[in-house]
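The lines below spell out each chain.
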Amino acid sequence: MNHGKAVVIKAMLVLPVVWIILTLFNDVRFLDSTIIGLGLLIISYIGGDLVTLPKTGNIVSTIADLVLAYIIVWGGLELLGYTDTVSNSLVTAVIVAAGEYLFHIWLFNNVYNNPNYSTHSGTINKTSAS
């Protein structure tokens, strides 16, 4: 599994969304939005793309990513002392989740689509090597 390429593609999805919504439209410092974005990137890649996606499929994993993105962005903004955190977090989470849905399709087709994995009912199962 090519984690490096997948993380770079996910970073190209998550970080610009966080920067545009939080920094450009809501006056969150660039460093603060970057910290929140990196936290979201790491936690959602490990928890969502490596753990949840293979077991549950795209729809459930995308919903989990929506909730996770909301919690991480909201919590990060709250910890950093920003106001109007609910609406900023919700908008960011919805846009990130839409991108995650497409990212999951890419993962299914390009990362999990190899001889060591088999798909059944939208989930991914690691097969034993012969």
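Look up: the structure comes first, before these words.
Residues numbered from 1 in each chain as written. Predicted model: local features only at pLDDT ≥ 70, side-chain atom pairs only at ≥ 80, totals over all residues. Heavy atoms only, no water.

Asks: Would you mind showing me how to read the environment of Leu38 here?
Replies: Tracing the sequence through the fold places Leu38 in helix 2 (residues 30–56). Between the C-alpha atoms of Leu38 and Ala11, which are 27 residues apart in sequence, the distance is 8.0 Å. (Helix = DSSP H or I, 4+ residues; strand = E, 2+ residues; numbered from the N terminus.)

Asks: Please clarify how helix 1 (residues 3–26) should be interpreted in this entry.
Replies: In an α-helix, one turn spans 3.6 residues; hence positions three or four apart end up facing the same way. With 24 residues, helix 1 should cover 34 Å at 1.5 Å per step; its first-to-last C-alpha distance of 32 Å lies within 8% of that length. Maximum bend of helix 1: about 25°, positioned at Ala11. For helix 1, the full list of buried residues reads Ala6, Lys10, Ala11, Leu13, Val14, Leu15, Val17, Val18, Ile21 and Leu22. Against the buried residues of helix 1 lie helix 2, helix 3 (58–79) and helix 4 (85–110). The first or second residue beyond helix 1 is Asp27, which carries a positive phi of 55°. (Expected span 1.5 Å × (residues − 1). Bend = angle between axes of the 7 residues up to and from the residue. Buried < 20%, exposed > 50% of the residue type's maximum accessible area, 1.4 Å probe, protein only. Contact = heavy atoms within 4.5 Å.)

Asks: Would you explain the packing of aromatic side chains in this entry?
Replies: Describing an aromatic ring pair means giving the distance of the ring centres and the angle of the ring planes. For the structure shown, the criterion picks out two aromatic pairs. Each ring, one from Phe103 and one from Trp106, has its centre 5.9 Å from the other, and the planes form 15°; the classification is stacked. On the criterion of helical spacing, the pair formed by Phe103 and Trp106 is a turn pair, its members being three residues apart in helix 4. Accessibility expressed as a relative area gives 5% for Phe103, which makes it buried. Assessed through its relative accessible area of 22%, Trp106 is described here as partly exposed. (Phe/Tyr/Trp six-rings, centres within 6.5 Å; stacked < 30°, edge-to-face > 60°.)

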